[in-house]
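Chain by chain, the residues:
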Amino acid sequence: MSVFSLGEFDQHENVVFGHDAASGLQAIIAIHNTNLGPAMGGCRIYPYASSEDALEDVLRLSRGMTYKSALAGLPLGGGKSVIICDPAKGKSDAMLRAMGRLVDSLSGRYIAAQDSGTSVENLKVIGTETTHLSGITERLDDRGQVRNGDPSPSTAHGVFKGIEIAVKHRQGRSDLKGVKVAIQGVGNVGYTLAQKLHAAGARLWVTDVNAGNVARAVSELGAQAVAGEEIFGLDVDVFAPCAMGGIINDETVAQLRAEVVAGAANNQLALPRHGLALHERGILYAPDYVINAGGIVDAYYLRSGKSYEALTRHVESIGDTLADIFQRASDSNETTGTVADRMAEERFVGVLQ
């Protein structure tokens, strides 16, 4: 397997493979670009079927972080790390400490944060071996309540503001009352998003591989449960992918009846051409790395010690960025992804020129 020949490689600055025999750690850290600052991105723990799958995922995710931080207006580059392990039963403190040593070996070029399969407590264990991480400090929110470093509430809030803007752009609506939203994945981020949508008067349809997550949304939010594959073809206004990536593909694009695709998942498009397929069908797509940037904004603000009020204002500006992207794409008849990529590249490519 040649890393350099992979389509996902895309001029990455560093790709580091880490192995610790004693703990069983098998990990990859990918640093895509550091023109704007150190590469910050989550540490994902997932039972990949192969090391090739893990490599492709970390390369795609780290590239996305470069674009995400650039469009979020953060002085950060893009990076990501993955640990090949089942987070429900395979990870250990010894493995996490070994991961901390691997992160530390990069001398701050990569800053780890929370991601799928990683908890705040896990990050604290990683932090016994390195200071190059974010998301373990407690702080007070706007209601005076203590919050840990979990960035998922900020991710959900940014997606919520993005859905508001997307519905306004596509349907001319000033609120979400009665808007029908299908949410794929109601875990930490998806459920918080569902709560916000429910409070705003939206009607919800949900699915999740975890039956308990679905049951909670049904009982507490009045959502309607849907079998996994049925979520794509629902007659709704918004389809919100909030699980794993690659779910907008040849098969699912043809099934979609929603006018808007806007959710928290990373790498929602299986291939770039699927953004064009959405565009041709008249479906407004909120580029994933723009709408879900609340998490990295949260991680940056927590590490820098800035106020919660400033964090909230920054997260809510995601809606303004999306409104700009939607209008530019409409004016030029381009895909929203094309416009967003160009805007991001103007920031992180041109900075050294």
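Report follows, based on the coordinates. (Residues numbered from 1 in each chain as written. Predicted model: local features only at pLDDT ≥ 70, side-chain atom pairs only at ≥ 80, totals over all residues. Heavy atoms only, no water.)

**A look at unusual backbone geometry**
Although it is not a glycine, S107 sits at a positive phi angle of roughly 55°. Position of S107 relative to the elements: it lies in the loop between α2 (93–104) and β5 (110–114). Positive phi is not limited to glycine here, since N333 has a value of about 55°. Classification of N333 by relative accessible area gives exposed; the value is 59%. (Helix = DSSP H or I, 4+ residues; strand = E, 2+ residues; numbered from the N terminus. Buried < 20%, exposed > 50% of the residue type's maximum accessible area, 1.4 Å probe, protein only.)

**What about the side chain of D237?**
Tracing the backbone shows D237 in the loop between β10 (224–225) and β11 (238–241). Among the polar contacts listed, one links the side chain of D237 to the side chain of Q171, at a separation of 2.9 Å. Look past the residues within four positions of D237 in its chain and what remains in contact with it is Q171, G178, V179, K180, A258, E259 and V260. (Polar contact = N/O pair within 3.5 Å; in protein donor to acceptor, adjacent residues only side chain to side chain. Contact = heavy atoms within 4.5 Å.)

**Considerations on the packing of helix α1 (residues 51–71) against helix α12 (residues 336–348)**
Interhelical geometry of α1 versus α12 gives an angle of 80° and a closest axis separation of 8 Å. The orientation of α1 with respect to α12, classified from their angle, is roughly perpendicular. Residues T66, Y67, A70 and L71 of α1 lie in contact with α12, whose contacting residues are A340, D341, M343, A344, E345, R347 and F348. A class-by-class count of the residues in the contact of α1 with α12 yields seven nonpolar, one polar and three charged. (Axes fitted to C-alpha atoms, helices over the stretch in contact; angles between N-to-C directions. Parallel < 35°, antiparallel > 145°, perpendicular 65-115°, else oblique. Nonpolar A, V, L, I, M, F, W, Y, C, P; charged D, E, K, R; others polar.)

**Thoughts on helix α6 (residues 211–221)**
Turning to α6, its buried residues number three or more, namely N213, V214, A217 and L221. The buried residues of α6 all sit within an arc of 100° when viewed along its axis, so they share a single face. In α6, those exposed residues whose orientation departs by more than 90 degrees from the buried face are A211 and S219. At the N-terminal end of α6, a side-chain oxygen is found 2.8 Å from the backbone nitrogen of G212, two or three residues along, and the residue is N210. With its phi angle positive at about 70°, G222 sits one or two positions after the end of α6. (Arc of directions from axis to C-beta.)

**Looking at the pairing of strand β3 (residues 39–46)**
Two faces belong to every sheet, and in a regular strand the side chains alternate between them. Burial analysis of β3 places seven of its eight residues in the buried class, which makes it a mostly covered element. Summarising the sheet, β3 and strand β4 (residues 77–84) pair through six bridges and their orientation is parallel. Pairing of I45 across the sheet is with I83, part of β4. Sheet analysis places β3 next to β5, joined by five bridges and oriented parallel. When the sheet's bridge partners are listed, G41 is paired in β5 with A112. (Pairing = 2+ DSSP bridges.)

**Regarding the pattern of salt bridges**
Across all of its chains, the model carries 13 salt bridges by this definition. Here K124 makes a salt bridge to E121, at a shortest N to O gap of 3.5 Å. One end of the pair, K124, and the other, E121, are both in helix α3 (residues 120–126), three residues apart, so they sit about a helical turn from each other. With relative accessibility at 33%, the residue K124 sits in the partly exposed group. The shortest N-O distance in the salt bridge between D235 and R257 comes to 3.7 Å. Separated by 22 residues along the polypeptide, D235 in the loop between β10 and β11 and R257 in the loop between α7 (250–255) and β12 (260–261) bring together distant segments of the chain. (Salt bridge = Lys/Arg side-chain N within 4 Å of Asp/Glu carboxyl O.)

**Brief notes about the packing of aromatic side chains**
Here a ring pair, both rings aromatic, is described through the centre-centre distance and the interplanar angle of the planes. Considering all chains together, one arrives at five aromatic pairs under this definition. The interplanar angle of 65° and the centroid separation of 5.0 Å between the aromatic rings of Y46 and Y48 together place this pair among those described as edge-to-face. Judged by relative accessible area, which is 10%, Y48 ranks as buried. Of the aromatic side chains, those joined through ring pairs into one cluster are Y67, Y289 and F348. It is R216 that lies over the ring of Y191; its NZ or CZ is 3.7 Å from the centre. One Lys or Arg, K306, reaches over the ring of Y301 and ends 5.5 Å from the middle of that ring. (Phe/Tyr/Trp six-rings, centres within 6.5 Å; stacked < 30°, edge-to-face > 60°. Lys NZ or Arg CZ within 6 Å of the ring centre and 35° of its normal.)

Any link to function would need more than the numbers given here.
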